[in-house]
Amino acid sequence: MDIGLEHLTHDAFSRLYSPELALLMRRMYDATVIGRGLQRETFGVRRLFALVVGEPTEVASNTSRDRALLVYLQLPVGGPQQFFISSAQGPGGGGSDFVGSGGQNPFTFGTKQFVLRPSDALWVTQRIGPRALVRTSSEYF
Amino acid sequence: MDKPIISDIMLRQYFAAVIGPARSPFGQRSTKSVSAIGEPTQIAQNSTRDKALFVTVSRADVSGTVTVIFSQQPASGSINDFVVAFAPTSSFHFVLRPDETVSMQILAAPAPMILSVGTESY
């Protein structure tokens, strides 16, 4: 959907939400739009994780009280690994998780953008395959 | 007072469409098993009166690619609806207005499929 509103004023958020939520929505919106297309990927705090098969690893968490956290999650592409990506509702690997994959399936994950609200966390569980390295880059808005 | 050029629900849909894809798998999540071939199964409904609902549908199983039809209201799939090859690890997004639903039916085996459905309102 494109209704030609790439640059919204704060009024648009204030019209729908409480002052605190309007500010957070604005920050989430900025993080989403500015981060689109990996345009901030080489900025922010970068971390590297060595996964253990079957063991959930927290790769990002928003520890702020009122900011949006832009996270790029980079999974290996072209290998035989498979991964579950899960949100803050608990360390994952369960049936209701979002599945990303290495090269075994037609769809490859590569790098994906996430925008986290305060208290959100992102977990990755490697299902199969040789031990994978996962990279993140994160930046607060 | 002049009527706003863009309605509130349109603004909410816009926010959902922009922010939503970067938010999945956050929000409320549920798992659905769809086993019947050719029968529509409702997978999400916007039961709010004034909010937009962002829906993410992804595969929670890793069996083969399945051809499916996604339909919005009414929940009866037809060949004019959204026919896609639903591969493991792929996902689809929908923005629903109040009272709208989205359904899915499997066109051919393999079945069952296990779906992960995430919803977040804006």
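Residues numbered from 1 in each chain as written. Chains lettered and ligands numbered in written order. Predicted model: local features only at pLDDT ≥ 70, side-chain atom pairs only at ≥ 80, totals over all residues.

1. A closer look at the overall build of chain B
The helix and strand tally for chain B stands at one helix and eight strands. Mapped from its N terminus to its C terminus, chain B presents α and β elements in the order α-β-β-β-β-β-β-β-β. Reported as C-alpha extents along the three principal axes, the dimensions of chain B are approximately 55 × 30 × 20 Å. In chain B, buried positions account for 46% of the 122 residues. Look at the contacts in chain B between residues 6 or more apart in sequence, and 86% of them connect residues 24 or more apart. (Helix = DSSP H or I, 4+ residues; strand = E, 2+ residues; numbered from the N terminus. Buried ≥ 20, exposed ≤ 12 C-beta atoms within 10 Å, placed from the backbone. Contact = placed C-beta atoms within 7 Å.)

2. Topic: the confidence of the model for chain A
All names here are of chain A. When pLDDT is averaged along chain A, the result is 79; 76% of the residues meet or exceed 70. When pLDDT is averaged over each element of chain A, strand S1 (residues 45-50) comes out on top at 95 and strand S5 (residues 98-101) at the bottom at 52. Scored below 50 in pLDDT, residues 89-96 makes 20 contacts in the model with residues more than four places away or belonging to other chains. Confidence over residues 101-108 falls short of pLDDT 50; this stretch has 32 contacts with residues more than four positions distant or in other chains. (pLDDT = per-residue confidence, 0-100.)

3. Notes on unusual backbone geometry
Despite not being glycine, A:Leu38 has its phi angle at roughly 65°, a positive value. You can see A:Leu38 is positioned in the loop between helix H2 (19-35) and S1. Phi is positive for B:Asp99, which is not a glycine, with a value near 75°. Take B:Asp99: it is sitting in the loop between strand S6 (91-96) and strand S7 (101-106). The exposed category is assigned to B:Asp99, around which 11 C-beta atoms lie within 10 Å.

4. What about the sheet that holds S7(B)?
All names here are of chain B. Taken together, four strands build an open sheet; the order of strands is S2-S7-S4-S5 and the sheet is antiparallel. Two strands lie at the open edges of the sheet, namely strand S2 (41-45) and strand S5 (82-86), each paired on one side alone. The sheet shows a mean angle of 30° between the axes of neighbouring strands, taken without regard to direction. Direction of pairing for strand S4 (residues 66-72) relative to S5: antiparallel, over a ladder of five bridges. Residue pairing in the sheet places Ile69 in a bridge with Val83 of S5. (Pairing = 2+ DSSP bridges. Axes fitted to C-alpha atoms, helices over the stretch in contact; angles between N-to-C directions.)

5. Examining H2(A)
Residue and element names in this part refer to chain A. With 17 residues, H2 extends 24 Å between its outermost C-alpha atoms, agreeing within 8% with the 24 Å of an ideal straight helix rising 1.5 Å per residue. Here H2 has its buried residues at Leu24, Met25, Arg26, Arg27, Met28, Tyr29, Ala31, Thr32 and Gly35. Backbone geometry just after H2 places Gly37 at a positive phi near 70°. (Expected span 1.5 Å × (residues − 1).)

6. Digging into the sheet that holds S1(A)
Residues and elements named next belong to chain A. Reading across the sheet, the four strands line up as S1-S8-S3-S6 and stay open at both edges, with antiparallel pairing between neighbours. Two strands close off the open sheet at either side, each with one partner strand: S1 and strand S6 (111-116). Sheet twist, expressed as the mean angle between neighbouring strand axes with direction ignored, is 20°. As paired strands, S1 and strand S8 (residues 133-140) are joined by six bridges and run antiparallel to one another.

7. Considerations on helix H1 (residues 8-23) of chain B
Counted at 1.5 Å a residue, the expected span for H1(B) with its 16 residues is 22 Å, and the 21 Å between its end C-alpha atoms agrees. The sharpest bend along H1(B) comes to roughly 35°, located at B:Ala17, with the proline B:Pro21 sitting one to four residues further on. For H1(B), the complete set of buried residues consists of B:Leu11, B:Arg12, B:Gln13, B:Tyr14, B:Phe15, B:Ala16, B:Val18, B:Ile19, B:Gly20, B:Ala22 and B:Arg23. Buried residues in H1(B) make contact with helix H1 (10-16), H2 and S6 of chain A together with strand S3 (53-59), S6 and strand S8 (113-121) of chain B. (Bend = angle between axes of the 7 residues up to and from the residue.)

8. Some details on the pairing of S8(B)
All names here are of chain B. In terms of burial, S8 is largely enclosed, as seven of its nine residues are buried. The sheet contact formed by strand S1 (residues 28-34) and S8 spans seven bridges and is antiparallel. Bridging from a neighbouring strand, Ser33 pairs with Ile114 of S8. As paired strands, S3 and S8 are joined by seven bridges and run antiparallel to one another. Residue pairing for S8: Val57 is matched across the bridge by Val117.

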